[in-house]
Amino acid sequence: MSVMTVHPHHAGPFRDIAGQLLFLGTGTSVGVPVVGCGCGTCTSGDPRNRRTRTSVALGLPGGTLLVDTTPDLRSQLLRERIGSVQAILYTHDHVDHVYGLDDIRPICYRAGGPVPVYCEERVELRIRRAFDYAFEPVPVPGGGVPKIAFERISTAPFDLLGVRVIPLRLRHGTFDVLGFRFGDLAYCTDTNLIPDETWPLLAGVDTLVLDCLRPDRHPTHLSLDEALSVAARVGARRTLFVHMCHDLEHTTASARLPAGVEMAYDGLVVPLAGVWGTPVADPRHPRER
Ligand SMILES: [Zn+2]
Ligand SMILES: [Zn+2]
Ligand SMILES: [Zn+2]
């Protein structure tokens, strides 16, 4: 794959990502390059070794969905020329997935109101603490705060921007987080274990986005061998690794991956065409009720 695909040229100020999955960031919590590190990955000239914090945007029928708001959000949106976001969905409340939320202010301003934010209670509590200034009973003069409309989610499927979303319970060290299934696509970042209850929900996935931190084991993330084992069991046509640290150099690590497994990189686009065509059967919550 050509490095030229990392930052394709587009005409016009904003970009339409309808029908696409766009990798905004693919790096671990400190990003790559790591501040102060002189290793081969961190000093590499290959743009695929420059990883901002892990997040994706999806061009759904009802608009653009942002999954997590990383501390790199502003630079990610500018880099990819994303000018509007219709909803935000959170995997969990870690700093590298939440603390860029203030960067949505221009989006709220242009939309003329709050952005719907779909998350579990733990994430909402984190947001209310970290961004307490956005929840003052008397609005701050000037209105320079992110405007948020919380929508509580659980493991029950829900409809969002024209698609059915199936939350996937994932283990992330000592606590639980969410991955999400959108049609034939499953997004599973920040996990070191797929619980038994989640495996049936991954059946038939065509494209799997999966946590893969590094070759060595880690208490809260999948190692390379663990991620490969999960990928083999899911059996997706295409598996894309995210949340990688500098121990995985793009070209070297990619060369060792089996067919159908790739390291994602910032700016990578995957078409979603056809993904919504297949209704997803959820054994816990049948679609027909
Ligand atoms: Zn993370
Ligand atoms: Zn390094
Ligand atoms: Zn995390």
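Criteria and cut-off values
- Residues numbered from 1 in each chain as written.
- Chains lettered and ligands numbered in written order.
- Predicted model: local features only at pLDDT ≥ 70, side-chain atom pairs only at ≥ 80, totals over all residues.
- pLDDT = per-residue confidence, 0-100.
- Contact = placed C-beta atoms within 7 Å.
- Buried ≥ 20, exposed ≤ 12 C-beta atoms within 10 Å, placed from the backbone.
- Helix = DSSP H or I, 4+ residues; strand = E, 2+ residues; numbered from the N terminus.
- Arc of directions from axis to C-beta.
- Pairing = 2+ DSSP bridges.
- Axes fitted to C-alpha atoms, helices over the stretch in contact; angles between N-to-C directions.

Residue-level account of the confidence of the model for the protein, with values.
On average, the protein scores 92 in pLDDT, and the residues at 70 or more come to 90%. In this model, residues 1-8 is a region of pLDDT below 50 whose contacts with residues beyond four sequence positions or in other chains number nine contacts. Note that residues 277-289 has pLDDT below 50 and, in this model, 14 contacts with residues that lie over four places away or in other chains.

So what's going on with helix α4 (residues 121-130)? Residues and values would help.
Taken residue by residue, α4 has Val123, Arg126 and Ile127 as its buried positions. All buried residues of α4 fall inside an arc of 100° around its axis, so they share one side. α4 presents Glu121, Leu125 and Arg129 as exposed residues on the side facing more than 90 degrees away from its buried surface. Buried-residue contacts for α4 involve α2 (95-98) and β5 (115-119).

Outline the sheet that holds strand β13 (residues 261-263), listing residues and values.
An order of β7-β8-β9-β10-β11-β12-β13 is seen for the seven strands of this open sheet, with the pairing classed as mixed. The open sheet terminates on both sides in strands that have one partner only, identified here as β7 (158-160) and β13. Across this sheet, the average inter-strand angle for adjacent strands is 30°, counted without regard to direction. In this sheet, strand β8 (residues 163-172) lies alongside β7 in antiparallel orientation, the contact comprising three bridges. By the bridge assignment for β8, Asp159 is matched with Arg164. Helix α5 (residues 224-234) contacts β11 (207-211), β12 (238-242) and β13 of the sheet and is inclined by roughly 160° relative to β11.

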